[in-house]
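Listed below, chain by chain, are the residues.
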Amino acid sequence: MGSDSENRHGSPSAGPAGAAAGDSAAARPANADAAEQGLGWTGDDPAPAPPAPAAPAKPRGKLDAYFQVTELGSTYRRELMAGTVTFLAMSYILAVNPSILGDEGPLGALGIPTQAVFTATAVAAVFGTLVMGIWARYPIALAPGMGLNAFFAFTVVQSMGIPWQTALSGTLLSGIIFFVLAVTKVRERILDSIPMQLKLAVGAGIGLFIAFIGLKNAGFVVASEATFVKLGDLTEGRTLLAFFGLVVTVVFLVLGKHGAVLIGIVSTTVLGMLTGLVELPDGVAALPRGLDQTFGQAITHLPDAFTGQMIVVVLTMLFVDFFDASGTLIGVAKQAGLLDEQGKLPRAASALAADSVGTTAGAVIGTSTTTAYVESTAGVSAGGRTGLTAVTTAGWFLIAMFCYPIFAVVASAGEVTAPALIVVGVLMARSLGEIEWGNLEYAVPAFLTIVLMPLSYSIANGLAMGMLFYPIVMVARGRIRDVHPVMWVLMLVFLGYFCFLAE
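Keep in mind the model is a prediction, meaning the values are calculated, not measured.

A. Layout of the overall build of the protein. What the protein contains, in helices and strands, is 24 helices and four strands. Taken across its 503 residues, the protein has 50% of its residues classed as buried. For the protein, the share of sequence-separated contacts (at least 6 apart) that also reach a separation of at least 24 residues comes to 78%. Here the protein displays about 23200 Å² of accessible surface, and carbon together with sulfur accounts for 65% of that area.

See below:
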């Protein structure tokens, strides 16, 4: 840096003359050289007015004007390509969601009919993504969310013993409440009431919970009477198949390839078929079926959702979806350069409302919470800037709806989808690095939240413990004024949960 400074301001050995020369040079107008060459303003003439800003390009038709394709510097071709990339990055949910919620997966007879889950997943993705693309006009796709589908299956249905029909009713209620919050100013107060450290802890805890499920499905960890869990048999065929899938997925993820999770699933499926570990599909295409078993169940069983146990379920779904959606929307919009000068999300109410409409519709159709997907950043990195990207993604989900025989094979093989769960867990756990571990008033509730989710096999238990301890440690620290009134209310709610409802 020293030599650069000397070259710009004159050599130190130049003395006063050098300094004078430097001062003279510094006093010259920035465009003096250009003026001397007849290219610009001279010091004797009035300074020219700054050039007028370039007029924005005119839209080419009503569709262009509505989606602001030209205004945002995009093209129809680029939007179509971006929507395709987004679909490839998140289409794994068509296989993973049925494997988690379906009756051919770990839930067995407690689960939703697998084909119905597949169809509901696709329909919810199509509907939610279209609403986001057409109404909110953002390049963000929606589908049943990872994390809340695990909460639905393993905490609500399996651990709490709540029928899946009633669980859908809880999802419906959370979506309706979310919509009310989204279209009113209450959303800002709620967002400000929950400390960021707990939000980060919830995301990380869900990540560990999902990863634990993946490790279990892969056979990497198994039950043990002596130590609760232990390392599984890594020489077993299905475990080796899952290990292969994990390696492929991680390699492509590290290389920055869009659709790394999908590539891992496809590679594992093909190898599994070649080795006889995965069944061959009965066909390639089939008409969508199964919604007659799930459609409207959330409405029919709505009276069953008004219990003390379901209050905690609805609050957990609402909390996770509300803050996950907010973070995803802002993160994707930031990458796309769509935030305003204050760093806020334009049309935030419409975007959050679109997310809540997706959840509400998904529950009525027959699947767990539908939410914005962070994989939408794949499409944004491919140039997507408008709602046409989302519309394109919805179109691909509509086509995939007719490919159930292929996805059914994947959904029934836990070792095939296990790598996806592990990798998603890793990505969600990255928020661990943002937690202020040096401050015990944050570290204690965050740690309890994170650890209890996988160890108690319940997202609700971890969330409740964190909410319970946060006000306690803040009071002990002498920071009672920093505790929002909403946190005191949540503390009492979750205290009641542990006393009367938790199992």
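B. A look at unusual backbone geometry. The phi dihedral of Gln 68 is positive, around 60°, even though this residue is not glycine. Secondary-structure assignment places Gln 68 in the loop between helix H4 (62-67) and helix H5 (76-90). Phi angles above zero are rare outside glycine, and Tyr 457 is one such case at about 55°. Take Tyr 457: it is sitting in the loop between helix H22 (440-455) and helix H23 (459-476). For Tyr 457, a relative accessible area of 16% corresponds to the buried category.

C. Quick peek at the nonpolar core. In this structure, Met 132, Met 146, Phe 152, Phe 154 and Met 467 are the most contacted members of the largest nonpolar core, which totals 119 residues. The element contributing the most residues to this core is helix H16 (residues 308-336), with 15 residues. In contact with Phe 152, other than residues within four places in its own chain, are Leu 101, Ile 112, Val 157, Trp 164, Ala 167, Leu 168, Thr 171, Met 317 and Ser 368. The next biggest cluster of nonpolar side chains, apart from the first, holds six residues, and it includes Ala 201, Ala 204, Ile 435 and Ala 446.

D. View of the environment of Phe 179. By the element assignment, Phe 179 lies in helix H9 (residues 164-182). For the pair Phe 179 and Ser 356, spaced 177 residues apart in sequence, the C-alpha to C-alpha distance is 5.1 Å. Apart from residues lying up to four places away in sequence, Phe 179 is in contact with Trp 135, Ala 353, Ser 356 and Val 357.

E. Representation of the environment of Ala 204 in the model. Following the sequence through the fold, Ala 204 ends up in helix H11 (residues 196-218). Distance in space between the C-alpha atoms of Ala 204 and Met 453 is 9.6 Å, their sequence separation being 249 residues. Not counting the four nearest positions on each side in its chain, Ala 204 is found in contact with Met 428, Ala 429, Ser 431, Leu 432 and Ile 450.

F. Representation of the packing of helix H7 (residues 114-136) against helix H19 (residues 387-400) within the structure. Across the interface, H7 lies against H19 with an axial gap of 8 Å and an inter-helix angle of 165°. Taken together, H7 and H19 sit at an angle that is classed as roughly antiparallel. Helix-helix and strand crossings are classified by hand; for H7 and H19 the assignment is left-handed. Residues Phe 118, Ala 122, Ala 125, Val 126, Thr 129, Leu 130, Gly 133 and Ile 134 of H7 lie in contact with H19, whose contacting residues are Gly 387, Ala 390, Val 391, Thr 393, Ala 394, Phe 397, Leu 398 and Ala 400.

G. Here's a closer look at helix H12 (residues 237-254). Look at H12: 26 Å from first C-alpha to last across 18 residues, which is about the 26 Å you get at 1.5 Å a residue. Residues Thr 239, Leu 241, Ala 242, Gly 245, Leu 246, Val 248 and Thr 249 constitute the buried set of H12. Summarising the contacts, the buried residues of H12 are in contact with H11, helix H13 (260-275) and helix H21 (414-428). Structurally, the start of H12 carries an N-cap: the backbone nitrogen of Arg 238 is 3.0 Å from a side-chain oxygen of Glu 236. Gly 256 sits one or two positions beyond H12 and adopts a positive phi of about 80°.

H. Highlighting H23. Its 18 residues place the ends of H23 26 Å apart at the C-alpha level, agreeing with the 26 Å of an ideal helix rising 1.5 Å per residue. H23 sits mainly inside the fold: 14 of its 18 residues count as buried. One side-chain oxygen of the residue at the start of H23 lies 3.3 Å from the amide nitrogen of Ala 460, identifying that residue as Ser 458. Just downstream of H23 lies Gly 478, where phi reads positive at about 80°.

I. Examining the packing of aromatic side chains more closely. By the definition in use, this model includes 12 aromatic pairs. Ring geometry for Phe 87 against Phe 397: centres 5.0 Å apart, planes inclined by 85°, an arrangement best described as edge-to-face. With Phe 87 in helix H5 and Phe 397 in helix H19, this pair connects stretches of sequence that are 310 residues apart. Residue Phe 87 shares its accessibility class with Phe 397, and that shared class is buried. Taken together, a centroid distance of 5.2 Å and an interplanar angle of 70° make the contact between Phe 178 and Phe 322 edge-to-face. In this pair, Phe 178 is assigned in helix H9 and Phe 322 in helix H16, connecting sequence segments 144 residues apart. Members of the aromatic cluster, connected to one another through ring pairs, are Phe 154, Phe 209, Phe 212 and Tyr 457. One residue, Arg 347, lies across the ring of Tyr 138, its end atom 4.5 Å from the ring centre.

J. Broad picture of the environment of Met 491. By the secondary structure assignment, Met 491 is in helix H24 (residues 485-501). In this structure Met 491 comes out as buried when scored by relative accessible area, which is 15%. Counting along the chain gives 26 residues from Met 491 to Met 465, while the straight-line C-alpha distance between them is 8.9 Å. Residues in contact with Met 491, not counting those within four places in the same chain, are Met 467, Leu 468, Pro 471 and Ile 472.

K. Highlighting the pattern of salt bridges. By the definition in use, this model includes four salt bridges. Across the pair Arg 479 and Glu 441 runs a salt bridge, and its minimum N-O distance is 2.8 Å. Remark: Glu 441 occurs in helix H22 and Arg 479 occurs in the loop between H23 and H24; sequence separation between them is 38 residues. Across the pair Arg 479 and Asp 482 runs a salt bridge whose closest N-O atoms are separated by 2.9 Å. You can call Arg 479 partly exposed: its relative accessible area is 24%. We classify Asp 482 as partly exposed; its relative accessible area is 45%. If you follow the salt bridges from partner to partner, you end up with Glu 441, Arg 477, Arg 479 and Asp 482 in one network.

L. Spotlight on the packing of H11 against H21. At a minimum axis distance of 7 Å, the contact between H11 and H21 shows a crossing angle of 160°. As summarised for this structure, H11 and H21 are arranged roughly antiparallel, according to the angle between their axes. Once H11 is placed against H21, the crossing between them reads as left-handed. For the pair H11 and H21, the contacting residues are Gly 203, Ala 204, Ile 206, Gly 207, Ile 210, Ala 211, Ile 213, Gly 214, Leu 215, Asn 217 and Ala 218 in the first and Gly 414, Glu 415, Ala 418, Leu 421, Ile 422, Val 424, Gly 425 and Met 428 in the second. Residues belonging to the contact of H11 with H21 are distributed by class as follows: 12 nonpolar, six polar and one charged.

Reading the values: the criteria
- Residues numbered from 1 in each chain as written.
- Predicted model: local features only at pLDDT ≥ 70, side-chain atom pairs only at ≥ 80, totals over all residues.
- Heavy atoms only, no water.
- Helix = DSSP H or I, 4+ residues; strand = E, 2+ residues; numbered from the N terminus.
- Buried < 20%, exposed > 50% of the residue type's maximum accessible area, 1.4 Å probe, protein only.
- Contact = heavy atoms within 4.5 Å.
- Areas by Shrake-Rupley, 256 points an atom, 1.4 Å probe, with all protein chains shown as cover.
- Core = buried A, V, L, I, M, F, W, Y, C linked by side-chain atoms within 4.5 Å.
- Axes fitted to C-alpha atoms, helices over the stretch in contact; angles between N-to-C directions.
- Parallel < 35°, antiparallel > 145°, perpendicular 65-115°, else oblique.
- Left-handed = near helix turned anticlockwise from the far one by under 90°.
- Expected span 1.5 Å × (residues − 1).
- Polar contact = N/O pair within 3.5 Å; in protein donor to acceptor, adjacent residues only side chain to side chain.
- Phe/Tyr/Trp six-rings, centres within 6.5 Å; stacked < 30°, edge-to-face > 60°.
- Lys NZ or Arg CZ within 6 Å of the ring centre and 35° of its normal.
- Salt bridge = Lys/Arg side-chain N within 4 Å of Asp/Glu carboxyl O.
- Nonpolar A, V, L, I, M, F, W, Y, C, P; charged D, E, K, R; others polar.

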